[in-house]
Every structure is written in C-alpha cells, then in structure tokens.
Amino acid sequence: MRIGIYTPATELDHVVDHKGDPKFFFEGPFQGLCKKHHSEKTARENTPRGVKKFSLEGARARGANGRKKVPNVGNPGVKQGAA
C-alpha cells in the first residue's frame with residue numbers, strides 16, 4: 001500500500017535477480033531502495049515458492065494452541081529422581 005511517505009534510497013537493487021551473471025550484475029536494470037525494503041525484497045526472492053517464512057517472534061512465547069510455552073526443566077527446587 002502506498003501512503004505517500006518517502007524514504008531516501010540507501011541501497012542499489014537489481015530489479016532482475018542477476019544470479020551471478022556479470023552482464024546483469026554490472027549493467028542492471030537497477031532501482032534505489034531503502035535498507036528495509038531491499039532486505040524484504042531480497043528475502044522474498046531467496047525464499048523458494050511454497051515455503052512459508054517462519055519467524056521465531058511470538059513462537060517462543062506461545063505454542064500452536066495459544067498457550068504459553070513453559071520449558072520442560074522440572075522443578076528447580078526438587079532433585080530429579082528423588083522420591
């Protein structure tokens with residue numbers, strides 16, 4: 001979504017992935033992007049189709065069922081194996 005906010009371009013992006021081809025690497029086509037959008041575009045291009053991007057953000061705190069994950073370390077005040 002475009003909202004009319006402009007950020008100076010800080011990185012040069014290859015519009016078409018050059019895949020190591022020196023002709024495309026040095027001759028372009030190019031476009032200027034800010035760091036954030038260049039990183040996002042590069043990540044999208046390097047993620048195989050059909051593979052969902054996984055982030056650990058939130059996954060550490062909550063499991064698939066929405067319950068808070070608790071590490072299985074036992075009770076630190078009780079020796080394990082003692083009856």
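In case you missed it, the structure is sitting above this.
This one's a predicted model, so the numbers in the text were calculated from it and none came from an experiment.

**Student:** Which parts of the structure should I look at to understand unusual backbone geometry?
**Tutor:** Phi is mostly negative for residues that are not glycine, and the peptide bonds are mostly trans. Along the chain, Gly28 connects to Pro29 via a cis peptide bond; the corresponding omega equals 15 degrees. Its location among the elements puts Pro29 in the loop between helix H1 (22-27) and strand S2 (30-33). Here Lys19, not a glycine, exhibits a phi torsion of approximately 50 degrees, which is positive. Its location among the elements puts Lys19 in the loop between strand S1 (11-14) and H1.

**Student:** When you look at the layout of surface pockets in this model, what are you seeing that I'm missing?
**Tutor:** Over the atoms a probe the size of a water molecule is rolled, and this reveals where empty space is left. Put simply, the largest pocket is a space of about 610 Å³. Lining the largest pocket are 16 residues, with Arg2, Ile5, Tyr6, Thr7 and His37 sitting closest to its centre. For the lining of the largest pocket, the elements supplying multiple residues, two or more each, are S2 and helix H2 (35-46). For the lining of the largest pocket, the element with the most residues is H2, which contributes four residues.

Cut-offs used in this document
- Residues numbered from 1 in each chain as written.
- Predicted model: local features only at pLDDT ≥ 70, side-chain atom pairs only at ≥ 80, totals over all residues.
- Heavy atoms only, no water.
- Helix = DSSP H or I, 4+ residues; strand = E, 2+ residues; numbered from the N terminus.
- 1 Å grid on protein atoms, 1.4 Å probe; cavity = no way out; pocket = protein on both sides within 12 Å on 5 of 7 lines; lining within 4 Å.
- Points joined across faces, edges and corners; volume = space filled by probe spheres on them.

Purely geometric numbers; function is a separate question.
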